[in-house]
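Working through the structure, step by step
One letter stands for each residue in the lines below.
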Amino acid sequence: MNIYLIRHGRQSSKLCNTDVDLSEEGRRQSALVGERLASIGIEAVYSSHLIRAVETAREANRYWNAKHIIRQELREISFGDMEGMADEEIAAKYGDFQKEQARLEQDLPYPGGECAGDVMKRAIPVLEEIAASGYQNVAVVTHGGVIRSVTSALLHMEPKYYRLLGNSLENCSITEVHWNEKTGRFLMERFNDYAHLEPYPELLRASWVDAEN
């Protein structure tokens, strides 16, 4: 069976992990990923309970008409005390933590929040549940921190190295995982695939970052 991990569409706030709706660009991204996977035969779509993930799933599901299942275990990694802050504020207040985190010497939890290992413990069982569901094609709309953490676990990487998997995933990118029933293993097929967004530069993360500068 195939599991398509999809990062949610662009949200309406740039503050850290705020539970907000999609921007207009986010809705366009969601429609594009829905259209791209329309011929696959998506049988179920899972999403986290956060607004941006639920709305992404709903917009994409216009092309699939699949059962929508919401699971809180698929929520974004908790950034703890950083949540609701702007990047500049985080850099000023938690710069030392960010430097320590970048050394990749241990799987550090965010101050007052989670580490990659915490995310793996709650999210991997959902993937195992999906693998045992009998479906052949399932979309999972979740978050960048979750996709990077889960992917590193499936590749048998130590949790502290999850940050090596993509500096930042594109919104509504596709990371495809195949479950091989015979071997009982998950196989990586593609990571951070955003070919459906490339014709629209304004929908790529670079345009969002540039808008701040």
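In what follows, the accompanying structure is described. In this text the structure is predicted, and so the values were computed from the model without any measurement.

1. Section: the nonpolar core
Counting residues in each nonpolar core, the largest one holds 37 residues, and the members touching the most others are Ile3, Tyr46, Met82, Leu127, Ile130, Val140 and Phe186. Of all elements in the fold, only strand 1 (2–7), strand 2 (44–47), helix 3 (87–102), helix 4 (116–131), strand 4 (137–142), helix 5 (144–154) and strand 5 (174–180) reach the threshold of two or more residues within this core. Top contributing element to this core by residue count: helix 4, with nine residues. Not counting residues up to four positions away in its chain, the partners in contact with Tyr46 are Ile69, Arg71, Leu74, Val126, Glu129, Ile130, Val138, Ala139, Val140 and Val141. Ile6, Ile42, Ala139 and Ile174 belong to the second-largest nonpolar core, a separate cluster that totals 15 residues.

2. Some thoughts on the sheet that holds strand 2
Pairing is mixed in the open sheet, where six strands are placed in the order 3-2-4-1-5-6. What marks the edges here is a single partner per strand, and that holds for strand 3 (67–70) and strand 6 (185–193). Averaged over all pairs of adjacent strands, the angle between their axes in this sheet comes to 20°, without regard to strand direction. Across four bridges, strand 2 lies against strand 3 in parallel orientation. The residue bridging Tyr46 from the neighbouring strand is Ile69, located in strand 3.

3. Looking at the pattern of salt bridges
The full count for this structure, using the stated rule, is 11 salt bridges. One salt bridge in this structure joins Arg71 and Glu73, with 3.2 Å as the shortest N-O distance. Taking the relative accessible area as the measure of exposure, Arg71 reaches 19% and is therefore buried. Here Arg103 and Glu100 are joined by a salt bridge, their closest N and O atoms 2.3 Å apart. Owing to a relative accessible area of 27%, Glu100 belongs among the partly exposed residues under this scheme. Each member of the salt-bridge network shares a partner with another, and the members are Arg36, Glu176, Arg190 and Asp193.

4. Quick word on the packing of aromatic side chains
The final tally for this structure, using the stated rule, is three aromatic pairs. Here the aromatic rings of Phe97 and Tyr110 are separated by 5.6 Å at their centres, their planes lie at 50°, and the arrangement is tilted. Taken together, the residues Phe97 in helix 3 and Tyr110 in the loop between helix 3 and helix 4 connect sequence positions 13 residues apart. When sorted by exposure, Phe97 lands in the same class as Tyr110, which is buried. On the numbers, 4.7 Å between centres and 50° between planes, the contact of Trp179 with Phe186 is tilted. By the burial criterion, Trp179 is buried, and Phe186 matches it.

5. Side note on the packing of helix 4 against helix 5
Relative to each other, helix 4 and helix 5 sit at 80°, their axes nearing to 9 Å. Overall, the two elements helix 4 and helix 5 adopt an arrangement that is roughly perpendicular. Here Ala116, Val119, Met120, Ala123, Ile124 and Leu127 of helix 4 lie close against helix 5, whose contacting residues are Val146, Ser149, Val150, Ser152, Ala153 and Leu154. Across the contact of helix 4 with helix 5, the residue classes tally to 10 nonpolar, two polar and no charged.

6. Quick look at the side chain of Gln11
As for its position among the elements, Gln11 is in the loop between strand 1 and helix 1 (24–36). A relative accessible area of 11% means that Gln11 is categorised as buried. One polar contact links the side chain of Gln11 to the main-chain carbonyl oxygen of Ser13, over a distance of 3.1 Å. Those residues in contact with Gln11, other than ones at most four positions away along the chain, are Thr18, Val20, Asp21, Leu22, Ser23, Arg52 and Trp208.

7. Structural notes on the environment of Val146
Locating Val146 in the fold gives a position in helix 5. You can call Val146 buried: its relative accessible area is 2%. Once the C-alpha coordinates of Val146 and Arg75 are considered, the two residues, 71 residues apart in sequence, prove to be 7.4 Å apart. Discounting chain neighbours no more than four positions away, the residues touching Val146 are Leu74, Arg75, Glu76, Ile77, Val119 and Ala123.

The rules we used
Residues numbered from 1 in each chain as written. Predicted model: local features only at pLDDT ≥ 70, side-chain atom pairs only at ≥ 80, totals over all residues. Heavy atoms only, no water. Core = buried A, V, L, I, M, F, W, Y, C linked by side-chain atoms within 4.5 Å. Buried < 20%, exposed > 50% of the residue type's maximum accessible area, 1.4 Å probe, protein only. Helix = DSSP H or I, 4+ residues; strand = E, 2+ residues; numbered from the N terminus. Contact = heavy atoms within 4.5 Å. Pairing = 2+ DSSP bridges. Axes fitted to C-alpha atoms, helices over the stretch in contact; angles between N-to-C directions. Salt bridge = Lys/Arg side-chain N within 4 Å of Asp/Glu carboxyl O. Phe/Tyr/Trp six-rings, centres within 6.5 Å; stacked < 30°, edge-to-face > 60°. Parallel < 35°, antiparallel > 145°, perpendicular 65-115°, else oblique. Nonpolar A, V, L, I, M, F, W, Y, C, P; charged D, E, K, R; others polar. Polar contact = N/O pair within 3.5 Å; in protein donor to acceptor, adjacent residues only side chain to side chain.

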